Amino acid sequence: MGPFIIAASLVFVFTTILTIAGVGSAFIVIPTFYWLGVPLTEAMAIGLLLNAISMTFASVNYIRYKLVMFRTAVPIILLAVVFSPFGAWSTRFFPERSLKLLFVIFLFFAATMMLFYKPRMREDKHSLKKELKIGIGLGIGAGYLGGLLGVGGGNFIVPALVWLGIDPKKASATTAFVVVFSSLAGFLGHATIGNLNWELLAFSAVGSVCGALAGSWLMHQKLNAQTVKKVIGIVLYAIAIKMAWGLYK
C-alpha cells in the first residue's frame with residue numbers, strides 16, 4: 001500500500017505542474033515508476049494511460065473555459081496519427097544518439113524562447129483558414145518529429161503555437177487536448193507488450209485526475225498568460241536537462 005500511495009502522490013504533483021504546460025507527465029512518471037521497481041514496458045503503458053486520463057479531465061475544464069482551439073487541434077490529431085509512424089520508421093536512417101542530441105538542443109532553444117521572447121499577440125479570433133493552416137503544419141511536423149525522436153509531440157506544439165502569437169493559455173489547452181489522443185494511441189501500442197499492475201494504475205489514476213483538475217483550475221483562475229509561458233519554459237528546460245543527462249551519464 002505504501003509504494004502505491006507514494007506513486008499516487010508523485011503523480012499528483014507532476015500532473016498538476018505539467019497540466020499547466022499542456023505537455024502531459026508521462027516523461028517524468030515513466031522513469032519514476034521504473035525507479036520504484038515497475039518494469040519499463042509496464043511503466044510506459046501506465047504512464048501513457050495516465051497522460052490520456054489526466055489530459056481528458058484537464059481538457060473538459062479547458063473546453064468549459066473555451067480555451068481549446070478545435071479547428072487547430074483536429075488537423076494536428078489526424079495528421080499526427082498518420083505521420084508519427086512514418087517518423088518512427090525513419091529512425092532507421094538516423095543515429096539514435098544524434099537524434100536525441102538534436103532534440104535536446106531544440107528543447108533548450110524552445111525553452112529560452114518561451115522565457116525571453118515576446119511575440120506579438122494577435123486577436124483571440126482566428127479565421128478558419130488560418131487555424132487550419134496552423135493545424136496542418138503542426139500535425140505534420142509534430143507527428144513526424146515526435147515519431148522520429150520517440151517523444152510527445154506536445155513538446156513541439158506548445159512553443160510553436162506561442163511563437164505564432166497565440167495566447168499561452170490557449171496554446172497549452174489546445175495541446176493538452178491533442179495529447180489525449182496521442183497518449184492513448186501510444187498506450188494501446190505498449191499495453192500489448194506486458195501486463196498491467198491494476199492496483200498501481202488505480203492509485204495513480206486518482207492522483208492523475210486530481211492533479212489534472214488542480215492544474216487546469218490554476219492555469220485558468222490563478223495564473224496569467226505570462227506566468228503560464230514561464231511555466232512552459234521551465235518544463236521544457238527540465239525535459240531537456242533530463243534527456244541530456246540520459247545521453248551523457
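Residues numbered from 1 in each chain as written. Predicted model: local features only at pLDDT ≥ 70, side-chain atom pairs only at ≥ 80, totals over all residues. Heavy atoms only, no water.

### Brief notes about helix α9 (residues 198-222)
Alright, step 1. The first and last C-alpha atoms of α9 sit 35 Å apart over 25 residues, in line with the 36 Å expected at 1.5 Å per residue.
Alright, step 2. Those residues of α9 not exposed but buried are Leu200, Leu201, Ser204, Ala205, Gly207, Ser208, Val209, Gly211, Ala212, Gly215, Ser216 and Met219.
Alright, step 3. With a side-chain oxygen positioned 3.2 Å from the backbone nitrogen of Glu199, the residue opening α9 is Asn197. (Helix = DSSP H or I, 4+ residues; strand = E, 2+ residues; numbered from the N terminus. Expected span 1.5 Å × (residues − 1). Buried < 20%, exposed > 50% of the residue type's maximum accessible area, 1.4 Å probe, protein only. Polar contact = N/O pair within 3.5 Å; in protein donor to acceptor, adjacent residues only side chain to side chain.)

### Section: the environment of Gly153
Alright, step 1. Position of Gly153 relative to the elements: it lies in the loop between α6 (128-149) and α7 (154-163).
Alright, step 2. C-alpha of Gly153 to C-alpha of Ser183: the two residues are 30 residues apart in sequence and 9.8 Å apart in space.

### With respect to the confidence of the model for the chain
Alright, step 1. Residue-level pLDDT values for the chain average 83, and 90% of them are 70 or greater.
Alright, step 2. Looking across the chain, the model is least confident in helix α2 (residues 26-35), with a mean pLDDT of 79, and most confident in α9, with 92. (pLDDT = per-residue confidence, 0-100.)

### A look at the packing of α7 against helix α10 (residues 225-248)
Alright, step 1. For the pair α7 and α10, the least separation of the axes is 11 Å and the interaxial angle reads 145 degrees. The interaxial crossing formed by α7 with α10 has left-handed handedness. Taking contact as the criterion, the partners of Asn155, Val158, Pro159 and Val162 in α7 are, on α10, Lys229, Ile232, Leu236 and Ile239.
Alright, step 2. Grouping the amino acids of the contact of α7 with α10 by side-chain chemistry returns six nonpolar, one polar and one charged. (Axes fitted to C-alpha atoms, helices over the stretch in contact; angles between N-to-C directions. Left-handed = near helix turned anticlockwise from the far one by under 90°. Contact = heavy atoms within 4.5 Å. Nonpolar A, V, L, I, M, F, W, Y, C, P; charged D, E, K, R; others polar.)

### Quick notes on the pattern of salt bridges
Alright, step 1. The tally for this structure, following the rule as stated, stands at one salt bridge.
Alright, step 2. As a salt-bridge pair, Arg71 and Glu131 come within 3.2 Å of each other at their nearest N and O atoms. Taken together, the residues span a long stretch of sequence, with Arg71 in helix α4 (residues 70-90) and Glu131 in helix α6 at a distance of 60 residues.
Alright, step 3. Looking at Arg71, the relative accessible area reads 37%, which means it is partly exposed.
Alright, step 4. The class of Glu131 is buried, set by a relative accessible area of 5%. (Salt bridge = Lys/Arg side-chain N within 4 Å of Asp/Glu carboxyl O.)

### Describing the packing of aromatic side chains
Alright, step 1. This structure, assessed with the given rule, holds six aromatic pairs.
Alright, step 2. Ring geometry for Phe86 against Tyr144: centres 5.5 Å apart, planes inclined by 45 degrees, an arrangement best described as tilted. Residue Phe86 is located in helix α4, and its partner Tyr144 is located in helix α6; the two are separated by 58 residues in the primary sequence.
Alright, step 3. Seen from their ring centres, Phe109 and Trp163 are 5.7 Å apart, and the 65 degrees between their planes marks the pair as edge-to-face. (Phe/Tyr/Trp six-rings, centres within 6.5 Å; stacked < 30°, edge-to-face > 60°.)

### Focus on a nonpolar patch on the surface
Alright, step 1. A cluster of nonpolar side chains, Ile63, Phe70, Val74 and Leu78, forms an exposed patch at the surface whose accessible area comes to about 340 Å².
Alright, step 2. No other element matches the three residues that α4 contributes to the nonpolar patch.
Alright, step 3. Looking at where Leu78 falls in the secondary structure, it is placed in helix α4. (Patch = residues over 30% accessible without salt bridge, like charges linked within 9 Å, V, L, I, M, F, W, Y side chains within 5 Å. Areas by Shrake-Rupley, 256 points an atom, 1.4 Å probe, with all protein chains shown as cover.)

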